[in-house]
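The primary structure of each chain is shown beneath.
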Amino acid sequence: MSEVSAARAKVQARKAKLLRWGLSLYPPYLGAGVRVKHISADFRQATVSMGLNRLNRNYVGTHFGGSLYSMVDPFFMLLLLESLGSDYFVWDKAAHIDFVSPGKGRVHAHFAISDALLAEIAERTAGGDKYLPELCVDVLNDDGELVARVHKTLYVRRKPKARTAQESA
């Protein structure tokens, strides 16, 4: 690894650590008990968890659905923004959550961005078109049982200045 790429990797690792720390201290996450356990240095993976407490418990004593959704809401967008770089717009467009079983105790979600997804995004947006990838994350309890499944649709588009630079290359 060259000195430049080693320095870049170190900066990325520091940025991932700061983001993880900052999100864990974000007041809505702090109050709900959401903890960002891991964000990989390459921003391709993240793991979050949330325990059951009086601030995120619903009327029947299980996880409040809004807290379950909040726990997973920003991560696909954040990971894609960092993985694709500054040449892209990335926004959340739509979401759907299926509540499968009552959330009792600690729940977890793991996010992953694949090379195949990044290649597909690059291909579909090369000419300036928008692309709406649909991604899914499972919320599991400590026993690995499915509590909820969240479907996210993102809006991804190459920025105009990046399209112009690509066309003239």
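Residues numbered from 1 in each chain as written. Predicted model: local features only at pLDDT ≥ 70, side-chain atom pairs only at ≥ 80, totals over all residues. Heavy atoms only, no water.

## Concerning helix H3 (residues 65–72)
Just so we agree on the cut-off: The rule is simple: take the accessible area with a 1.4 Å probe, protein chains only, and divide by the maximum for that residue type; under 20% is buried, over 50% is exposed, in between is partly exposed. Secondary structure counts use DSSP, requiring at least four H or I residues in a row for a helix and at least two E residues in a row for a strand, with both numbered from the N terminus. Note that the arc is defined by the directions from the helix axis to the C-beta atoms.
Every buried residue belonging to H3 is among Gly-65, Ser-67, Leu-68, Met-71 and Val-72, and all of these are buried. One face of H3 carries all of its buried residues, which in axial projection span an arc of 165°.

## Side note on the nonpolar core
Short version of the rule: Nonpolar core, defined: a set of buried Ala, Val, Leu, Ile, Met, Phe, Trp, Tyr and Cys residues in which side-chain atoms within 4.5 Å join the residues together. Note on definitions: a residue-residue contact is assigned when non-hydrogen atoms from the two residues lie within 4.5 Å.
With 39 residues, the main nonpolar core has Met-71, Leu-80, Phe-111 and Val-139 as its most contacted residues. The biggest single contributor to this core is helix H4 (residues 75–84), with six residues. Leaving out residues up to four positions away in the same chain, Met-71 has contacts with Tyr-29, Val-34, Val-48, Ser-49, Met-50, Val-107, His-108, Ala-109 and Val-139.

## Observations regarding the side chain of Thr-125
Stated precisely, the cut-off is as follows: The definition of a polar contact used here is a pair of N or O atoms within 3.5 Å, where within protein one atom must be able to donate a hydrogen and the other to accept one, and adjacent residues in sequence count solely through side-chain atom pairs.
With respect to the element layout, Thr-125 can be found in helix H5 (residues 115–125). A polar contact of 2.7 Å, which involves the side chain of Thr-125, links it to the backbone oxygen of Ile-121. Those residues in contact with Thr-125 that lie beyond four places of it in its chain are Tyr-88, Tyr-131, Val-156, Arg-157 and Arg-158.

## Side note on the pattern of salt bridges
Side-chain pairing between opposite charges can occur once the charged atoms of the two side chains come close. Our working rule: For this analysis, a salt bridge means a side-chain nitrogen from Lys or Arg found within 4 Å of a carboxyl oxygen belonging to Asp or Glu.
The tally for this structure, following the rule as stated, stands at six salt bridges. The salt bridge partner of Glu-82 is Lys-15, with a shortest N-O separation of 3.0 Å. You can see Glu-82 sitting in helix H4 and its partner Lys-15 sitting in helix H1 (residues 3–25), a full 67 residues away along the chain. What makes Lys-15 partly exposed here is its relative accessible area of 38%. Of the charged contacts, one joins Asp-92 and Lys-152 as a salt bridge, the two residues approaching to 3.4 Å between their closest N and O atoms.

Read these as layout, nothing more, since geometry by itself doesn't imply function.
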